[in-house]
Amino acid sequence: MQSRMTMGCGAGVRAAPRGAERARGGARAVVRARRAMARVVKTFAAEHELDAMYMGGRAERDEQTLTLEIGTSRVTLARGKIGLQANGAVMATEGETIVYSTACASRDCTGDGSFVPLTVNYAERFSAAGRTSGGYKKRDGGLRENETLKARLVDRPIRPMMYKGWGYETQILQWVMSYDGTRSTDALAITAASAALAVSDIPLKKPVVGVRVGLAPGSNEPIINPTAEQMKTSRLDLVLAGTDEAVLMIEGFCDFLTTDEMLLAIEKGHEAVAKACKEIDVWAAAVGKPKMMEKLIVAPDGIDEEVEALVGEDLTKAIVIPIKQERGAAIGGIRERAVAALSEKYKSSDVINACGKIESRALRDAIRTNGRRQDGRTTSMIRPIACEAGLLPRTHGSSLFTRGETQAIGVATLGGKGDAQRQDDVEAGEDKRFMLHYFFPPSSVGETGRTGGASRREVGHGNLAERALNPVLPSEADFPFVTRLESTITESNGSSSMATVCAGTLALLDAGVPIKRKVAGIAMGLILGSEASGGGDKLDPIVLTDILGSEDALGDMDFKVAGDKDGITAFQMDIKVEGITIDVMRTALQEAQTGLVHILGEMEKCNPAPAGAMSKYAPQVGSIPVAEKYFGKVIGKGGETIRSIIEQTKVDSIDVDKETQIVTVTGGAGSDVGAALEYIKNLIAEPEIGKIYRDCVVKKVVEFGAFVEYMPGQEGLCHISELDVARVPNASDVVTEGQTIDVKLVEVNSRGQTRLSRKEVLLEENPELAAAAAASRRDGDSSDDSSESREGGGRGGRGGGGRGGSGRGGGQRRDSGGF
């Protein structure tokens, strides 16, 4: 035994060296494997190593950056590292927000030089804010309204800076790749797009920069590029874009600002823009590509003179024909004649472009020389106006607004909270309680064309009119309805978006919406100079009030203004040339407000006048505050309580807002919103001892009484002795299941059990019955006393019975169901 143990120990001792050897062998094997792998990697690296013959792209790139101080923000532009195959690509960074912008031109010329073939596409990636779309489709790419609006903001100031004669399809693509929520991205997107063009080889006259301007409450000093937090209380929301010398585009919304306040904001905004534009210009010249100026389309020599000699006089006469359709037909015929006459010598596009120059010059000269416009008005006259309300009988509110050859039908529709527009974008804004949808069918201009989804123009015009009307709408507390306006343009010859503002105001009034004040809209135009000999830019600018479509197309400015005599709610300006000064803008704004006063006066003559009251077809909306602890009661298990209320009262919807702790009930014609609110009120009410509850449903009848639902979801016992004034042998003789009775809450014990009484209600509401019951009790007491005297010697007799006597005889007792 001892020998075995010794051997065992010896075996163990000998095994240890063998284990260590195996470990050392394993380590050596690992080292050998690593060396072998290193030899393989080195062999492959040598095999794939680039030599001097490689001439392709480099993975390591040199990045050139420019940092701009714009108001309260710092913007960094970077190129050379990302997107080198585009004509131009820039990463624009503001804080932790990054917009990637590219500019590309097609290889083939597709245009004729009369119109810049420019497209801007702006997209927001939800991943930029660390989110995923809340919609059914999770992939980004579907165009949203806010993306369309921002794409239009980018397009409008850049387009006039593209050279006439550029015929190559040009596309600006933009993606928000990172978003910190500090500022909106629209102004940054304008700067990024312009920078991408500036460093590209695509011809661009000058760089453009965009800024946002705000105005804090109680302050007169504009804020350049304010934060989103500052914008929550700002009296002004202005996006401005321009070059180092001029403003090209403004779009803003405000709470009835004065002309001077607006002009100061524009002036301060342009100061910031001008400084940044100069810096981008220097940077682009240093790091950008040479411009392809040689690819610009130039009109053939002598064509302008030949077209002028052929049809110049006829076009000059045709341009002042007052009626739009007649004017268009006449000009079209003259153009066709010119094209046919010169077809062997010039391309049709070149001839039409030459005709356009003659038309523009003729329009300007007619206004400057005669002081009269195409339709015979002076520069400050407004076309005749007619208004009508209540046009459509089954709508909640409607109107027809006609100004000359521009006409709009406005329709107001009211709804509940569930009808609000959900905002699904990276900025995660609140749901919209007011929305305006603008429709511009091709028939409004006598043409055929596509219909269906909203075009970019429809989205933009609708947004402008919506923001113009938003300041006059009542608060949710004063008017809990969601309001939707529709504007259908039935005729268009200038400023249909401003006609929408007028029609919308009347439709809101017809629907009974208590707006704070009436607003109207007007479009202003500008003739900067003349192309006549000896004229040019030396001539004074002329401001036009209530412009026609042709004056918009051939003029130098389209300035839309909405508001009233005291202030402005919305404005939008697009300028086609540089040279608009603050003084010119001041004149345009002053004349616009004069025009607004006139239009509002004409709207006062509306016949029939707006109803000023809600339609019988409009929904009912009511709300009630509900503490968070009662949400479960109101909603019920799986929503069963809400469904039950809807079924009983025929309302359309019941919305529980957990943030505001408000429950909103919406119902159409035939529903009982009041009953639904009363049900919810009772559902969340605390029981009150001594209170009488009416029309309570008997849920169950038992031997000792009845269980009654005295409040929604709350039941109590009405004992058999409390069912009636008289003695009740059986509870079922007085009440049945499903019957409604009035009960008084008598007691709630420590266990939460509730005691109800129907008898107390009867006695309280029937004095005669109460008196009879009291007399009956007195008679009963005297009868009991005499009986006790005879049979038990009274309370102290030998029986000692009575009501609580302790005598041996155990006198007569009352029935437990007695009174």
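Figured I'd write up the structure that's included with this text.

Calculation criteria
Numbering of residues starts from 1 in each chain and follows the order in which that chain's sequence is written. Note on the predicted model: pLDDT of at least 70 is required for a residue's local features to be given, and 80 or more for side-chain atom pairs to be given and counted; whole-chain, interface and lining totals, by contrast, use all residues. Note: side-chain values were computed over all heavy atoms of the structure, leaving out hydrogens and water. Under the scheme used here, helices are H or I runs from DSSP no shorter than 4 residues and strands are E runs no shorter than 2 residues, and both carry numbers assigned from the N terminus. In what follows, a contact means two residues having at least one pair of non-hydrogen atoms within 4.5 Å. Note that accessible areas follow from Shrake-Rupley with a 1.4 Å probe, and for residues the cover is restricted to the protein chains shown. Two aromatic rings from Phe, Tyr or Trp, using only the six-membered ring of Trp, form a pair when their centres are within 6.5 Å; if the ring planes differ by under 30 degrees the pair is stacked, by over 60 it is edge-to-face, and anything between is tilted. The rule is simple: take the accessible area with a 1.4 Å probe, protein chains only, and divide by the maximum for that residue type; under 20% is buried, over 50% is exposed, in between is partly exposed. Sitting over a ring, as applied to charges here, requires NZ of Lys or CZ of Arg to be within 6 Å of the ring centre and within 35 degrees of the ring normal. Multiplying 1.5 Å by the helix residue count minus one yields the expected span of that helix. Take a side-chain nitrogen of Lys or Arg and a carboxyl oxygen of Asp or Glu: if they are within 4 Å of each other, that pair is a salt bridge. Note on pairing: DSSP must find at least two bridges between two strands before they are called paired. Axis definition: a line fit to C-alpha positions, over the contact stretch in the case of helices; interaxial angles, taken between N-to-C directions, run 0 to 180 degrees.

## Some thoughts on the overall build of the chain
Step number 1: Along its length, the chain carries 17 helices and 27 strands.
Step number 2: Long-range pairs, those at least 24 residues apart, make up 68% of the contacts in the chain between residues at least 6 apart in sequence.
Step number 3: Total accessible area on the chain stands at roughly 40,900 Å², and carbon and sulfur atoms take up 51% of it.

## What to know about the packing of aromatic side chains
Step number 1: For the structure on display, the rule yields six aromatic pairs.
Step number 2: Taking 5.3 Å as the distance between ring centres and 70 degrees as the angle between the ring planes, the aromatic pair formed by Tyr693 and Tyr710 counts as edge-to-face. Here Tyr710 lies in strand E24 (residues 705-711) and Tyr693 lies in strand E23 (residues 692-702), a separation of 17 residues in the sequence. Residue Tyr693 shares its accessibility class with Tyr710, and that shared class is buried.
Step number 3: One cation-aromatic arrangement involves Arg457 over Phe440; the distance from NZ or CZ to the ring centre is 4.1 Å.
Step number 4: The residue whose ring lies beneath Arg517 is Phe256, and the NZ or CZ to ring-centre distance is 3.5 Å.

## Points about unusual backbone geometry
Negative phi values dominate among residues other than glycine, just as trans dominates among peptide bonds.
Step number 1: Here the residue pair Asn607 and Pro608 is connected by a cis peptide bond, since its omega of -5 degrees sits within 30 degrees of zero.
Step number 2: Structurally, Pro608 is set in the loop between helix H12 (582-603) and strand E20 (620-625).
Step number 3: For Ser495, which is not glycine, the phi dihedral falls at a positive 55 degrees.
Step number 4: Note on placement: Ser495 falls in the loop between strand E15 (482-491) and helix H10 (496-510).
Step number 5: Judged by relative accessible area, Ser495 falls into the buried class, the value being 11%.
Step number 6: The phi torsion at Gln661 lies on the positive side, around 55 degrees, for a residue other than glycine.
Step number 7: Residue placement: Gln661 occurs in the loop between strand E21 (653-657) and strand E22 (662-667).

## Quick look at helix H8 (residues 348-370)
Step number 1: In a regular helix each residue adds 1.5 Å, so 23 residues correspond to 33 Å; H8 covers 32 Å between its end C-alpha atoms and thus fits that length.
Step number 2: In the segment just after H8, Gly371 is the residue with positive phi, at about 70 degrees.

## Considerations on the pattern of salt bridges
Step number 1: Per the stated rule, a full pass over the model turns up 45 salt bridges.
Step number 2: A salt bridge links Glu602 to Lys605; the shortest N-O distance between them is 3.0 Å.
Step number 3: Classification of Glu602 as buried rests on a relative accessible area of 17%.
Step number 4: Where salt bridges share partners, they join Asp375, Arg377, Arg383, Arg403 and Asp546 into one cluster.

## Observations regarding the sheet that holds E24
Step number 1: Judged by pairing direction, the barrel is mixed, and its five strands sit side by side in the order E23-E24-E25-E27-E26 before closing back on the first. Shown here is a sheet whose adjacent strand axes are inclined to one another by a mean of 55 degrees, direction ignored.
Step number 2: The sheet contact formed by strand E26 (residues 740-748) and strand E27 (residues 754-757) spans four bridges and is antiparallel. Across the sheet, Val748 pairs through a bridge with Thr754, a residue of E27.

## Regarding the environment of Ile158
Step number 1: By the element assignment, Ile158 lies in helix H2 (residues 145-158).
Step number 2: Taking the relative accessible area as the measure of exposure, Ile158 reaches 1% and is therefore buried.
Step number 3: Not counting chain neighbours up to four residues away, the residues in contact with Ile158 comprise Leu118, Ile172, Ile190, Ala193, Ser194 and Leu197.

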